[in-house]
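One letter stands for each residue in the lines below.
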Amino acid sequence: MGVNSNRIDNLPDNGTEANPQHQTTITMESIDLPAHPHHEVHRVSMPLRQTTLQKLKQRLSEVFFPDDPLHRFKNQTWVRKLFLALQYFFPILQWAPEYGIGPFRSDLVSGITIASLAIPQGISYAKLANLPPIVGLYSSFVPPLIYSVLGSSRHLAVGPVSIASLVMGSMLTEFVSSTKDPILYLKLAFTATFFAGIFQASLGFLRLGFVIDFLSKATLVGFMAGAAVIVSLQQLKGLLGIAHFTTKMQFIPVMSSVFSHTDEWSWQTMVLGGAFLVFLLTTRHISIRRPKLFWISAAAPLTSVLISTAIVYLLRSKAHEIQIIGHLPKGLNPPSSNMLYFSGPYLVLAIKTGLITGVLSLTEGIAVGRTFAALKNYQVDGNKEMMAIGLMNMAGSCSSCYVTTGSFSRSAINYNAGAQSAVSNIVMSIAVLVTLLFLMPLFYYTPNVILAAIIITAVIGLIDYQAAYDLWKVDKLDFLACLSSFFGVLFISVPVGLIIAVGVSVFKILLHVTRPNTVVLGNIQGTHIYQSINRYKEALKVPSFLILAIEAPIYFANSTYLQERILRWVREEEEWIRENNENTLKYLILDMTAVTAIDTSGIETIREIKKLLGKRSIKLVLTNPVASVMEKLHRSKTLDYLGLDGLYLTVGEAVSDISSQWKYSV
């Protein structure tokens, strides 16, 4: 049939439809439908004709350029276009010309504040990754400078983060010992950082950011919590003063190592670590309860380092059991491009570590940037952020840095301190530079136990109880994904836990795709509105009609299921009719509003359903197919196969028109 052949002309206009309770039809005693003295059926239009090339261009544009980044170049001179292109790739050119003394004062305070947190955290996170502590400071100097030029977030504070450090340390230590072969370990860490940067920048340049969306919020909540627990348990080595500790990152081996080395427990270390841990947790609690006092928790780590270092220095003749950091070299980042490992048996390990840490750090950095951008009502370009973070890590790998990204704790302090632009990152880098050049000898007597306390205080915030509880209330399947990733990290390994998290997310997608929802619709009396009879008590079934809504695209993966489920709906409806002596089922109406796409398997399913229903003397009607579905139905001649009354714009028009035809026949 043609697209307009379902229009019914010459319908009687005698006012009988104004009182539908007195209508007489062939198979229905009464239908409570609204009055329509002038009945009209709208045409279901075909989409505009496009060539295959035009369709491909439009589809690629929707997939890769949903934000239309080229719109700013329209109707501009070539000089202006060049300047806009430079602004796009170097966001600092957008705000630098208008930057003044007022924002600089705020950025100066913010930069110094986050530097007081970045210095002790940098040293601590490097230890967490089994790297020399100085590498953590190197990673807090070069990457923030690069991000301040390339990044689009005003509040993102860049540096090492706990999760990426943990993952890198656990994955590399599984195959290479950081103590027995430190040079090879360092090479692999820098190489993994290089590949992480390549991966991140490629995602941004090719606009493939949707790849990281496979890490759903539910799986990240569980993964972060599991990683935080493992990180905290690993710090028992420092808090208890244990010298011989397991390198494994699972709950059982860690706890076994803790209690099998009780003879190495040091009461001096425990007292010092316990006191500063309580101090750090108390300052964190105060800042959470009173955000205006953010500077307390920001200054607490550096204060703890200075005080504990002074205590150990004064008691150095008596506190022999307390382990210290020792010598840290002074000076700027040495080049490390010659240490990149591009051939050998561990190249695959470096690539794999780089990909996983790259995804995690990218997810965290973009999420943090968007969080604070929303609070200040400005937009962060995800693709530009990917390129900025990727280039930052590539450059970092050549200057003795390991994987860095935006830290939530430091970014929150940066935001609360009143940061106005990325200049706060530049100020932080200058503060770290001064530390590297002049202050390194001061950290010689810094105890390892204080680093463990700083790490525990930082990662404990990753355990989000409220988010897990909300997942349980809202979506049990999401909560299951959260638990799977949590226990996967806790009892198997961090990489396996991440794989489980992604696997559960993909399984959820497949479940929704392969088992789409179908609902029975009923008419809300006195209207042409049709809604689910399970959701709306006032929605009633229309006699002789079974109206189903399909709430998903129809693909090869779900076409067989949909056919079986629809035929089951028909069978159950016929059984209900026989039991209640109702009117015979004559029409099955499929509401296609939510069917956003269909393939050849789906089309074949529609034709098969039509054929099977015909054997039961039931007619199939489709309503409101979207443009792409309509075009495919037309090209496959399925519209002709459906017949004259097989296609309508809405469910209400379908029921009214078919009912009118019955009356007209009478």
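The rules behind the values
Residues numbered from 1 in each chain as written. Predicted model: local features only at pLDDT ≥ 70, side-chain atom pairs only at ≥ 80, totals over all residues. Heavy atoms only, no water. Helix = DSSP H or I, 4+ residues; strand = E, 2+ residues; numbered from the N terminus. Rg over C-alpha atoms; globule rule 2.2 N^0.38 Å. Contact = heavy atoms within 4.5 Å. Areas by Shrake-Rupley, 256 points an atom, 1.4 Å probe, with all protein chains shown as cover. Lys, Arg positive; Asp, Glu negative; His and termini not counted. Charge placed at Lys NZ, Arg CZ, Asp CG, Glu CD. Phe/Tyr/Trp six-rings, centres within 6.5 Å; stacked < 30°, edge-to-face > 60°. Buried < 20%, exposed > 50% of the residue type's maximum accessible area, 1.4 Å probe, protein only. Lys NZ or Arg CZ within 6 Å of the ring centre and 35° of its normal. Salt bridge = Lys/Arg side-chain N within 4 Å of Asp/Glu carboxyl O. Patch = residues over 30% accessible without salt bridge, like charges linked within 9 Å, V, L, I, M, F, W, Y side chains within 5 Å. Polar contact = N/O pair within 3.5 Å; in protein donor to acceptor, adjacent residues only side chain to side chain. Disulfide = S-S within 2.5 Å.

Named according to an unreviewed UniProt entry, the protein chain is STAS domain-containing protein originating from Trapa incisa.

Asker: What exactly am I supposed to notice about the overall build of the protein chain here?
Answerer: When you go through the protein chain residue by residue, the secondary structure sums to 26 helices and nine strands. For 666 residues, the compact-globule estimate of 2.2 N^0.38 gives 26 Å, and the C-alpha radius of gyration of the protein chain, at 33 Å, exceeds that figure by more than 25%. Counting contacts in the protein chain only where the partners sit at least 6 residues apart, residues at least 24 apart contribute 79% of the total. Carbon and sulfur atoms provide 62% of the accessible area of the protein chain, an area that totals close to 31,500 Å². Taking the average location of the 53 positive side-chain charges in the protein chain and that of its 42 negative ones, the two points are 10 Å from each other.

Asker: Explain the packing of aromatic side chains here, please?
Answerer: By convention here, two paired aromatic rings are described through the distance between centres and the angle between planes. Applying the stated rule across the entire model yields 15 aromatic pairs. Relative to Y445, the ring of Y444 has its centre 5.0 Å away and its plane inclined at 70 degrees; by these criteria the two rings are edge-to-face. On the accessibility criterion, Y444 (36% relative accessible area) is partly exposed. According to the relative accessible area criterion, Y445 is partly exposed, its value standing at 24%. With a centroid separation of 5.2 Å and an interplanar angle of 70 degrees, the aromatic rings of W472 and F479 are classed as edge-to-face. Take W472: its relative accessible area is 43%, and that puts it in the partly exposed class. Aromatic ring contacts, followed pair by pair, group F251, F486, F487 and F491 into a single cluster. The side chain of R154 reaches across the aromatic face of Y378, ending 4.1 Å from its centre. In this arrangement the basic side chain of R565 is found over the ring face of W569, its NZ or CZ atom lying 4.1 Å from the centre.

Asker: Would you mind going over the pattern of salt bridges with me for this structure?
Answerer: When the charged atoms of two side chains with opposite charge come close together, those side chains can pair. Scanning the model with the defined rule gives nine salt bridges in all. Linking R616 and E574 is a salt bridge whose minimum nitrogen-to-oxygen distance equals 3.1 Å. Of the two residues, R616 is situated in the loop between α23 (600-614) and β8 (619-623) and E574 in helix α22 (residues 559-580); the sequence distance between them amounts to 42 residues. The exposure class assigned to R616 is partly exposed, which follows from its relative accessible area of 37%.

Asker: Got a minute to help me understand a nonpolar patch on the surface in this structure?
Answerer: Residues W78, V79, L82, L86, F89, F90 and L93 make up a contiguous nonpolar surface patch of roughly 700 Å² in combined accessible area. Considering every element that reaches the nonpolar patch, the biggest residue donor is helix α2 (residues 78-89), with five residues. If you trace the backbone, F89 turns up in helix α2.

Asker: Any chance you could explain the environment of S124 here in plain terms?
Answerer: Within the secondary structure, S124 sits in helix α4 (residues 101-128). Exposure remark for S124: the relative accessible area of 0% places this residue in the buried category. With residues near it in sequence (within four places) discarded, S124 still touches L451, I454 and I455.

Asker: I keep staring at the side chain of S660 and nothing clicks. Help me out?
Answerer: Topologically, S660 is positioned in helix α26 (residues 651-665). Given a relative accessible area of 6%, S660 falls into the buried group. Within the local environment of S660, its side chain forms a polar contact with the backbone oxygen of S656, the two atoms lying 2.7 Å apart.

Asker: Where do I start with the environment of S343 in this structure?
Answerer: Structurally, S343 is set in the loop between α13 (294-314) and α14 (347-375). Sequence spacing of S343 and V79 is 264 residues, and the spatial spacing of their C-alpha atoms is 45 Å.

Asker: Any chance you could explain the state of the cysteines here in plain terms?
Answerer: As enumerated under the stated definition, the model contains zero disulfides in all. Between C398, a cysteine without a disulfide, and C401, which holds the nearest cysteine sulfur, the sulfur-to-sulfur distance is 9.7 Å. For C398, a relative accessible area of 30% gives the class partly exposed.

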